[in-house]
Amino acid sequence: MFRSHMDRALQEARAAAARGEVPVGAVVARGATVLAAAGNRTRELSDPTAHAEMLALRAACAAAGSARLPDADLYVTLEPCAMCAAAIAGARVARLYYGAADPKSGGVAHGARVFSHPQSHHAPEVYDGIAAEAAADLLRGFFSARR
Ligand SMILES: [Zn+2]
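All of these numbers come straight from a predicted model, not from anything done at the bench.

Peer 1: Please explain unusual backbone geometry as it appears in this structure.
Peer 2: The phi dihedral of S46 is positive, around 50°, even though this residue is not glycine. In this fold, S46 is placed in the loop between β2 (33–39) and α2 (52–64). Residue classification places S46 among the exposed residues on the basis of a relative accessible area of 65%. A positive phi angle, near 60°, is found at R92, a position not held by glycine. In this fold, R92 is placed in the loop between α3 (82–90) and β4 (95–100).

Structure, rendered in structure tokens:
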């Protein structure tokens, strides 16, 4: 039975904001089971690759002992960037659910459109606009507070 993990991803995004990170959260799940959840930690880890999706995928792959998660789904509050989209394709994630669109840095529906390239080894089923308002509100609040 379908169960959305976007609420959990939003929790991770809020926790990221509380740490002073750009509020993006991600969950890797197999059905109702959460395999890993993470928020952005690029500042904390001084690591430009420490996006929520990358951290959640790394943790889920490590736990599974496999670089591929063909029966897993990834939920993320913001459209993944090109780097994360490539990692999602590499992990053979079955379905991608994301919240807010990201015309500035997104790499799925914007920019590189990674999954539509013949060089993409795998394209997940993509569902966008899931809890998009809540995810966008978090980002707007975060950036307006910093201005
Ligand atoms: Zn990313």
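Peer 1: Help me out: how do you make sense of α3 in this one?
Peer 2: Since there are 3.6 residues in each turn of an α-helix, residues three or four apart along the chain are aligned in direction. What α3 keeps buried is the set C84, A85, I88 and A89. Relative to the axis of α3, the buried residues are bounded by an arc of 140° and lie together on one face.

Peer 1: Teacher, can you tell me more about the pairing of β4 here?
Peer 2: Across a regular strand the side chains alternate sides, sitting on one face of the sheet and then on the other. When you tally the buried positions in β4, you get 5 out of 6 residues, the bulk of the element. One ladder, built from 5 bridges, connects strand β3 (residues 73–78) with β4; its direction is parallel. Looking across to β4, one finds that L74 is bridged to L96. Where β4 and strand β5 (residues 125–127) come together, 3 bridges link them in parallel fashion. In the sheet register, Y97 faces β5, and the bridge partner there is Y127.

Cut-off values and rules
Residues numbered from 1 in each chain as written. Predicted model: local features only at pLDDT ≥ 70, side-chain atom pairs only at ≥ 80, totals over all residues. Heavy atoms only, no water. Helix = DSSP H or I, 4+ residues; strand = E, 2+ residues; numbered from the N terminus. Buried < 20%, exposed > 50% of the residue type's maximum accessible area, 1.4 Å probe, protein only. Arc of directions from axis to C-beta. Pairing = 2+ DSSP bridges.

By themselves these figures say nothing about function.
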